[in-house]
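# Breakdown of the fold
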Amino acid sequence: QVQLVESGGGLVQAGGSLRLSCAASGRTFSSYAMGWFRQAPGKERAFVAAISRSGGITYYADYVKGRFTISRDNAKSTVYLQMNSLKPEDTAVYYCAADETGWVRVGVTEYHYWGQGTQVTVSS
C-alpha cells in the first residue's frame, strides 16, 4: 500500500500560480503511475493529469493543457502539479492518486489509493 498527502493549496487571484505536492510513503513510489484529480462543489471528481512511473509519459485533460504541468521526483517519493494561469473555474479540492498497474489512465475508479485532498480557490 501507499499513503498520499497533498499540500500546496490555497487562495490565489486569477492569472496566478500554485504548485501542489503529493508526498507518498509506504510501498516503492516508482512502481505507481500517479494522477491528479479535482472536485468542485456539486460536481463529480474529474481527471486533471497523469504521469507514468518513470515520468516519461504525461497526459492532461483538455481544460488544463498548456497551463498545468505534472512531474515527479521518485527519489523524493513526490508528485507535483504546477498550475499556471489559474482561472476561477479551477477552484476545487485537488486530489492525488496512485495506480498500482503503472498505466497512465484517466478514470477515477482506475486508481487504487487517494490522498485527502487540498483546497485550491481562485478568485476573480
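The text that follows walks through the structure, step by step, so that each part is easy to find.

The rules behind each value
Residues numbered from 1 in each chain as written. Predicted model: local features only at pLDDT ≥ 70, side-chain atom pairs only at ≥ 80, totals over all residues. Heavy atoms only, no water. Helix = DSSP H or I, 4+ residues; strand = E, 2+ residues; numbered from the N terminus. Contact = heavy atoms within 4.5 Å. Areas by Shrake-Rupley, 256 points an atom, 1.4 Å probe, with all protein chains shown as cover. Lys, Arg positive; Asp, Glu negative; His and termini not counted. Charge placed at Lys NZ, Arg CZ, Asp CG, Glu CD. Buried < 20%, exposed > 50% of the residue type's maximum accessible area, 1.4 Å probe, protein only. Pairing = 2+ DSSP bridges. Phe/Tyr/Trp six-rings, centres within 6.5 Å; stacked < 30°, edge-to-face > 60°.

## Some details on the overall build of the protein chain
- Within the protein chain, the regular secondary structure consists of zero helices and 11 strands.
- The helix and strand sequence of the protein chain, counted from the amino end, reads β-β-β-β-β-β-β-β-β-β-β.
- Projected onto the principal axes, the alpha-carbon positions of the protein chain cover approximately 40 × 30 × 25 Å.
- Contacts spanning at least 24 positions in sequence make up 58% of the contacts within the protein chain whose residues lie at least 6 apart.
- As displayed, the protein chain has an accessible area near 6100 Å², and 49% of this comes from carbon and sulfur atoms.
- Computed over 12 positive and 9 negative side-chain charges, the separation of the two mean positions in the protein chain equals 4 Å.

## Structural notes on the pairing of strand S9 (residues 92–99)
- For S9, the buried fraction is high: eight of the eight residues fall into the buried class.
- Pairing of strand S4 (residues 33–39) with S9 involves seven bridges; the strand directions are antiparallel. What sits directly across from Gln 39, in S9, is Val 93.
- Two strands pair when backbone bridges link them, and S9 and strand S11 (residues 118–123) are joined in this way by three bridges, in the antiparallel orientation. Of the residues in S11, the one forming a bridge with Tyr 94 is Thr 118.
- Two elements, S9 and strand S10 (residues 113–114), share two bridges in a ladder whose sense is antiparallel. Note that in S10 the partner of Ala 98 across the bridge is Tyr 113.

## Section: the packing of aromatic side chains
- For the structure shown, the criterion picks out seven aromatic pairs.
- Between the aromatic rings of Phe 37 and Phe 47, the centroid separation amounts to 5.7 Å while the plane-to-plane angle is 75°, which identifies the pairing as edge-to-face. Taken together, the positions of Phe 37 in strand S4 and Phe 47 in strand S5 (residues 46–51) put the pair 10 residues apart, joining distant regions of the chain. Residue Phe 37 shares its accessibility class with Phe 47, and that shared class is buried.
- With centroids separated by 5.1 Å and ring planes inclined at 80°, the aromatic side chains of Phe 37 and Tyr 111 adopt a geometry described as edge-to-face. Linking Phe 37 in strand S4 with Tyr 111 in the loop between S9 and S10, this pair joins segments that are 74 residues apart in sequence. Both residues of the pair, Phe 37 and Tyr 111, count as buried.

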